[in-house]
Amino acid sequence: MPLYEFLVILVLIIIFLQRKCWRLVWQVNGWRGIIQQPILWILLACNIDPKNIMSSIHRYGQFMKLPLAIVLFDRTLLYMNDPVSIEGVLTSPECLNKSFLHNGFYANKGILHAKDDKWKIRRKQLNPAFSHNILINFFNDFNRVGNELNIKLKLELKQNKISFDQLADLVNRAVLEASCLTIMGVSTRFTQNDDKCVAAAYRYLMDLTALKMLKPWYQIDWIFKFLDKEKYETTHKTGKLVDEFATMIVREKYSEWQNKRQRNPESNDVAENNSDKHIFIEQLFHLTDQNQLSYQEMMDEAQSMVVVSFETASTCIINALLLLAMHPEYQAILRQEIHEVLSMDITPLTTNISSNGVQTTITMAHLQAMPYLDMILKESLRLLTTVPIILRNVSCDFDLKIKNAQNNGDYTKIVKVPKNTIIAADIFEMQRSTDVWGPKAREFYPEHFAKNTNGESGTKRHPYAYIPFLKGIRTCIGNRYSIYLSKIILIKLIGSLNLHTNTKLQQLEFCEGVSLKYRNSANISFEIISMADDD
């Protein structure tokens, strides 16, 4: 066959495979989208790195009309950062599944990566472990860890100063301890000491996950080893450490569970009738005993839930502390609210030893009496959202309502999205959009979440303009868990510590991770002054 005939056939095959992709590009961006494809391919190739991707999106995004469709061989990447388009994705059953890029996630099994009906079934099975009553029972553990973190932080201060990375490490260890206490039912004392660097190992694997998601060829072992043997060996060693850590806990706890049931057979029926009262690890054991989970599925669920509960809550707390340290005026208002609420006897179950929160047992009644704390945490999650970009895979062709990128008079329009399209929803940029949040969108301004006298938001916004834990069909199962833990630890720290940093919000350099990271974290430091107790 002559070369030109081969090339013609090859081009025809490519055109056939890409026909739906180019139709989507035309529907979303028109001629502009078709003409700019080569430029988009070059930009994507040059910036596909966890340290560059977010800054590149911000730098080049202002010149693009969004949503934006990019052809990637036989599929399309549909990028969006507005609430209309993102609502369409999160409420569409065709967008329930996560992208193949998530296969690079360290703990890529279990409910976090389950698909279609399997996810729906597993979510229903695990929901009882995050019920209101279960979460309330965690408050004593949250309080204990918060108290220990407060004390440990004071001991770690050198001339009242600490680096961002040191503070992040202390928070990571404390949150991992809280996760192990509440999710796995075991005490680890990580807040006090972490000789084996388990918390750091989890953090390393989360950072590596971002690399494998943006560079999926790293998901193939022999390619990863060939390209970076040193990192490959470190990853293997680190993965083995956390696998052994989680496996040991699950095996020991499961053995205790089985022995207890054998000693008291009558408790089996009681446990079956009270499955909504189990903590997460017990719920897994219960499901395994009922043959609804295999032993390996039980292990997978336990490993993945520890990772996510630890990663989400620790990032939430660190970001809130950083923003409060940058804005002493808001920190002072929050501290005043903490002292006022804790000085009141709002519940007979609480013994107020001091009004700074260090010794006080924080209850739900306290959290409900602190509206400014709620505003602070929401604004932190808006401005520095925990998960900056979410990815979804389209399971079959469907019609999607999106924002009209061509601005031809209609604000929205319907496009036909083909199967296997990768959808990237930029939560980070949406929650900082001046179109949605006004002139102070890129500032830390807790009044964004102020409520009127009727308890309603003072400003009407699109319901999907603020989704730090997502909305729609696939919401985060542990969102309330993370909120409660974050609030209690913030009360413990802000109630007795005054934080300050010279770093400005505009100086932060964001980079992509499973959660939001800072490329210049080594240059950030805190001055922390311990305030006198009111005992």
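All figures in this text were calculated on a predicted structure; none of them were measured in a lab.

So, on to helix α15 (residues 328-342). Residues lying three or four places apart along an α-helix face the same way, a consequence of the helix completing one turn every 3.6 residues. For α15, built from 15 residues, the straight-helix expectation of 21 Å at 1.5 Å per residue is met to within 8% by its first-to-last C-alpha distance of 21 Å. Taken together, the buried positions of α15 are Tyr330, Gln331, Leu334, Arg335, Glu337, Ile338, Val341 and Leu342. For α15, the arc enclosing every buried residue in end-on projection is 160 degrees, short of the 170-degree limit, so these residues lie on one face. Buried-residue contacts for α15 involve α14 (295-326), α16 (364-368), α17 (371-383), α20 (479-494) and β8 (497-500).

This paragraph deals with the packing of aromatic side chains. Enumeration over the complete set of coordinates arrives at 24 aromatic pairs. Grouping aromatic residues by their ring pairs yields a cluster made of Phe130, Phe138, Phe139, Phe142, Phe280, Tyr481 and Tyr484. One Lys or Arg, Arg382, reaches over the ring of Trp437 and ends 5.2 Å from the middle of that ring.

Attention now moves to unusual backbone geometry. The residue after Leu66, namely Pro67, is reached through a cis peptide bond having omega 0 degrees. Within the secondary structure layout, Pro67 lies in the loop between α3 (53-61) and β1 (68-72). Even without a glycine there, the phi angle at Gln159 is positive, about 55 degrees. Relative to the elements of secondary structure, Gln159 occurs in the loop between α7 (139-156) and β3 (161-163).

Summarising the model, the protein chain shows a mean pLDDT of 88, and 92% of its residues fall at 70 or more. Looking over the protein chain, one finds the lowest element-wise mean pLDDT in helix α12 (residues 266-273), namely 55, and the highest in α17, namely 97.

Let us look at the pattern of salt bridges. Per the stated rule, a full pass over the model turns up 19 salt bridges. A salt bridge links Asp397 to Lys20; the shortest N-O distance between them is 2.8 Å. Note that Asp397 is positioned in the loop between β4 (389-393) and β5 (398-403) and Lys20 in helix α1 (residues 3-35), a separation of 377 residues in sequence. With a shortest N-O distance of 2.8 Å, Arg144 and Glu177 are connected by a salt bridge. With a gap of 33 residues between them, Arg144 in helix α7 and Glu177 in helix α8 (residues 164-184) connect regions that are remote in the sequence. Taken together, the salt bridges that share partners define one network made up of Lys118, Arg122, Glu297 and Glu301.

Looking at the secondary structure, you find Thr238 in helix α11 (residues 229-263). The contacts of Thr238, once residues within four sequence positions are left out, are Ala201, Tyr204 and Leu205.

Where α14 meets α20, the axes come as close as 9 Å, and the angle between the chain directions of the two elements is 40 degrees. Between α14 and α20, the angle is such that the two are oblique. Crossing angle aside, the handedness with which α14 passes α20 is right-handed. Within the contact between the two elements, α14 uses Ser309, Thr312, Ala313, Cys316, Ile317, Ala320, Leu321 and Leu324 and α20 uses Tyr481, Ser482, Leu485, Ser486, Ile489, Leu490, Leu493 and Ile494. Each residue belonging to the contact of α14 with α20 can be placed in one class, and the counts come to twelve nonpolar, four polar and no charged.

With that settled, the discussion passes to the sheet that holds β4. Across the sheet, four strands lie side by side as β1-β2-β7-β4; this open sheet has mixed pairing. Looking at the sheet topology across the chains shown, the edges are occupied by β1 and β4. For this sheet, the mean inter-axis angle between neighbouring strands, taken without regard to orientation, is 20 degrees. When strand β2 (residues 75-80) meets strand β7 (residues 422-426), the two strands line up parallel, connected through four bridges. Among the inter-strand pairings, Leu77 is bridged to a residue of β7, identified as Ile422.

Cut-offs applied
Residues numbered from 1 in each chain as written. Predicted model: local features only at pLDDT ≥ 70, side-chain atom pairs only at ≥ 80, totals over all residues. Heavy atoms only, no water. Helix = DSSP H or I, 4+ residues; strand = E, 2+ residues; numbered from the N terminus. Expected span 1.5 Å × (residues − 1). Buried < 20%, exposed > 50% of the residue type's maximum accessible area, 1.4 Å probe, protein only. Arc of directions from axis to C-beta. Contact = heavy atoms within 4.5 Å. Phe/Tyr/Trp six-rings, centres within 6.5 Å; stacked < 30°, edge-to-face > 60°. Lys NZ or Arg CZ within 6 Å of the ring centre and 35° of its normal. pLDDT = per-residue confidence, 0-100. Salt bridge = Lys/Arg side-chain N within 4 Å of Asp/Glu carboxyl O. Axes fitted to C-alpha atoms, helices over the stretch in contact; angles between N-to-C directions. Parallel < 35°, antiparallel > 145°, perpendicular 65-115°, else oblique. Left-handed = near helix turned anticlockwise from the far one by under 90°. Nonpolar A, V, L, I, M, F, W, Y, C, P; charged D, E, K, R; others polar. Pairing = 2+ DSSP bridges.

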